[in-house]
Amino acid sequence: MALLARYGGDAKALAGGQSLMPLLNFRLTRPAGIVDLNRIGALAYIREVDGHVALGAMTRQRTIEFSPVVARRLPLLREATRWVGHLPIRSRGTIGGSLAHADPSAEYPAVLTALEGEVLARGPRGERVLAAGELFETYLTTRLEPDELLVEVRLPAMRAGVGYAFEEFARRHGDFAIVGVAATLELAGDRCVRARLVTAGAGAVPVRLRAAEEALERDGVGDDVVRVAARRAAELVDPDSDLHASADYRRHLTEVLAARALCRARERAAR
Ligand SMILES: Cc1cc2nc3c(=O)[nH]c(=O)nc-3n(C[C@H](O)[C@H](O)[C@H](O)COP(=O)(O)OP(=O)(O)OC[C@H]3O[C@@H](n4cnc5c(N)ncnc54)[C@H](O)[C@@H]3O)c2cc1C
């Protein structure tokens, strides 16, 4: 913290380096200093505490992929992790780095939003907690101050029986998603008591598709309702066009992937 403060907001924390190093190589960022977090062992852990799972910011994506606690309590996070880059990237990349980097196509910001998690930030003025909805401001921009570190990620443990799925489409295996969708469904008989549906890559930040969730919570999870909710999902997003895909194509993918994610989540919940 003292080192970050010494540069008056013009230093960058180095976590796994999987996004920061390319930015430095391309001279897209030119900080006055780099503060390497890699030897701070106290920032890497996965702990179950009072109904939630706390993950230290420096926990590697590969550790998350194989954690028995994550497999049991946060299966959506585990499934999403398999979509993150390639093995060498997951071996270095961290959960804190991914959230602080805030790439709109990244999987972890969508999972944080779907599970209604929060992050703990620490800076010279003390600690504060930011909910998923507060953390992400726009493309590659969070509400963390330049002299603040993201130190912990807190995700409510998923209740046993909650159905979940992470679906995405990318042109090559390991690429960032063009669009990704995270879904969770909690069923009680034919009723859906809680639905969560969030996109990655269909806007500047993860988009929570509340009106689609409400349709499921009101009308259940039959095939017709899933179709309606997926169509509603596509109407709710406002993606940009870029060299990877047009806005229309992203909207189309949102509908297709939302339907797939909801069907798989429903299957798991029924099981
Ligand atoms: C070829 C390739 C493919 C990839 N594919 C995917 C993909 O499909 N999905 C995906 O999600 N990601 C993908 N990534 C990115 C990867 O997941 C990165 O690991 C991640 O985005 C950043 O994590 P990191 O730990 O490497 O952070 P770094 O690169 O070290 O840092 C990223 C940014 O976050 C800041 N930062 C890091 N830690 C903290 C902290 N604790 N507090 C405050 N600020 C912090 C840094 O200062 C920097 O600005 C890919 C990367 C590559 C190179």
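Refer to the structure presented above.
So, here's what we can say about the structure.

Thresholds, definitions, all that
Residues numbered from 1 in each chain as written. Predicted model: local features only at pLDDT ≥ 70, side-chain atom pairs only at ≥ 80, totals over all residues. Heavy atoms only, no water. Pairing = 2+ DSSP bridges. Helix = DSSP H or I, 4+ residues; strand = E, 2+ residues; numbered from the N terminus. Contact = heavy atoms within 4.5 Å. Axes fitted to C-alpha atoms, helices over the stretch in contact; angles between N-to-C directions. Expected span 1.5 Å × (residues − 1). Buried < 20%, exposed > 50% of the residue type's maximum accessible area, 1.4 Å probe, protein only. Arc of directions from axis to C-beta. Parallel < 35°, antiparallel > 145°, perpendicular 65-115°, else oblique. Left-handed = near helix turned anticlockwise from the far one by under 90°. Phe/Tyr/Trp six-rings, centres within 6.5 Å; stacked < 30°, edge-to-face > 60°. Lys NZ or Arg CZ within 6 Å of the ring centre and 35° of its normal. Near = heavy atom within 4 Å. Polar contact = N/O pair within 3.5 Å; in protein donor to acceptor, adjacent residues only side chain to side chain. Areas by Shrake-Rupley, 256 points an atom, 1.4 Å probe, with all protein chains shown as cover. Core = buried A, V, L, I, M, F, W, Y, C linked by side-chain atoms within 4.5 Å.

### Regarding the sheet that holds strand β13 (residues 207–208)
So, step 1. Taken together, the four strands give an open sheet; going across it, the order is β10-β11-β12-β13, and neighbouring strands pair in antiparallel fashion. Sheet topology places β10 (163–169) and β13 at the edges, where each strand pairs with a single neighbour.
So, step 2. Looking at chain direction, β10 and strand β11 (residues 179–188) are connected through seven bridges and run antiparallel. Across the sheet, Tyr164 pairs through a bridge with Thr184, a residue of β11.
So, step 3. Strands β10, β11, β12 (191–200) and β13 of the sheet are contacted by helix α8 (residues 107–114), whose axis makes an angle of about 155° with β12.

### Quick look at helix α12 (residues 247–270)
So, step 1. A rise of 1.5 Å per residue sets the reference length of α12, with its 24 residues, at 34 Å; its end C-alpha atoms lie 34 Å apart and thus fit the reference within 8%.
So, step 2. What α12 keeps buried is the set Ala247, Arg250, Leu253, Thr254, Leu257, Ala258, Ala261, Leu262, Ala265 and Ala269.
So, step 3. Residues of α12 that are buried sit in contact with β10, β11, β12, α10 (210–219) and α11 (223–236).

### Focus on the side chain of Gln61
So, step 1. Looking at where Gln61 falls in the secondary structure, it is placed in helix α3 (residues 61–66).
So, step 2. Apart from residues lying up to four places away in sequence, Gln61 is in contact with Thr81, Val84, Ile89, Arg90, Gly93, Thr94, Ser98 and Tyr108.

### Digging into α10
So, step 1. Turning to α10, its buried residues number three or more, namely Ala212, Glu213, Ala215 and Leu216. The buried residues of α10 occupy an angular sector of 155° when projected down its axis, which confines them to one face.
So, step 2. Buried residues along α10 sit against β11, β12, β13, α11 and α12.
So, step 3. Gly220 sits one or two residues past α10 and shows a positive phi near 90°.

### Overview of the packing of α10 against α11
So, step 1. Between α10 and α11, the shortest axis-to-axis distance is 8 Å and the interhelical angle comes to 165°. Compared by their axis directions, α10 and α11 come out roughly antiparallel. Where α10 crosses over α11, the handedness of that crossing is right-handed. For the pair α10 and α11, contact is made by Arg210, Ala211, Ala212, Ala215, Leu216 and Asp219 and by Val225, Val226, Ala229, Arg232, Ala233 and Leu236, respectively.

### Quick look at the packing of aromatic side chains
So, step 1. Across all of its chains, the model carries zero aromatic pairs by this definition.
So, step 2. Directly above the ring of Tyr45 sits Arg47, whose terminal nitrogen or CZ lies 3.8 Å from the centroid.

### Focus: the site of the ligand
So, step 1. Taken together, the neighbourhood of the ligand is formed by 29 residues, with Ala13, Gly17, Leu20, Thr94 and Glu107 sitting nearest.
So, step 2. Interatomic distance of 2.8 Å between a backbone N/O atom of Gly16 and an oxygen atom of the ligand.
So, step 3. Leu150 is positioned such that a nitrogen or oxygen atom in its backbone is 2.9 Å from a nitrogen atom of the ligand.
So, step 4. Computed on the free molecule, the ligand has an accessible area of 970 Å², of which 88% lies beneath the protein chains in the complex.
So, step 5. Those elements that place two or more of their residues in the shell around the ligand are β1 (11–14), α7 (95–101) and β9 (149–156).

### Thoughts on the pairing of strand β3 (residues 46–49)
Working note: regular strand, side chains alternate between the two faces of the sheet.
So, step 1. Relative to strand β4 (residues 52–56), β3 runs antiparallel, the two being bridged by four bridges. Considered in β4, the bridge of Ile46 is made with Leu55.
So, step 2. Here β3 folds back onto β4, and the loop between the two strands holds two residues, one of which, Asp50, carries a positive phi near 40°.

### Some details on the nonpolar core
The tendency in soluble globular proteins is for nonpolar side chains to be buried as a group.
So, step 1. Within the largest apolar cluster, 37 residues are counted, with the highest numbers of intra-cluster contacts made by Leu55, Leu76, Leu77, Leu99, Leu112 and Val153.
So, step 2. With five residues, α8 is the single largest residue contributor to this core.
So, step 3. Setting aside anything within four residues of it in sequence, one finds Leu55 in contact with Tyr45, Ile46, Ile64, Val70, Leu74, Leu77, Ile95, Val151, Glu152, Val153 and Leu155.
So, step 4. With 28 residues, the next largest nonpolar core counts Leu185, Val225, Ala229 and Ala265 among its residues.

### A few points about the side chain of Thr94
So, step 1. In this fold, Thr94 is placed in the loop between α6 (87–92) and α7.
So, step 2. Judged by its relative accessible area of 2%, Thr94 falls in the buried class.
So, step 3. Excluding its chain neighbours within four sequence positions, the residues that come into contact with Thr94 are Ala15, Gly16, Ala57, Met58, Thr59, Arg60 and Gln61.

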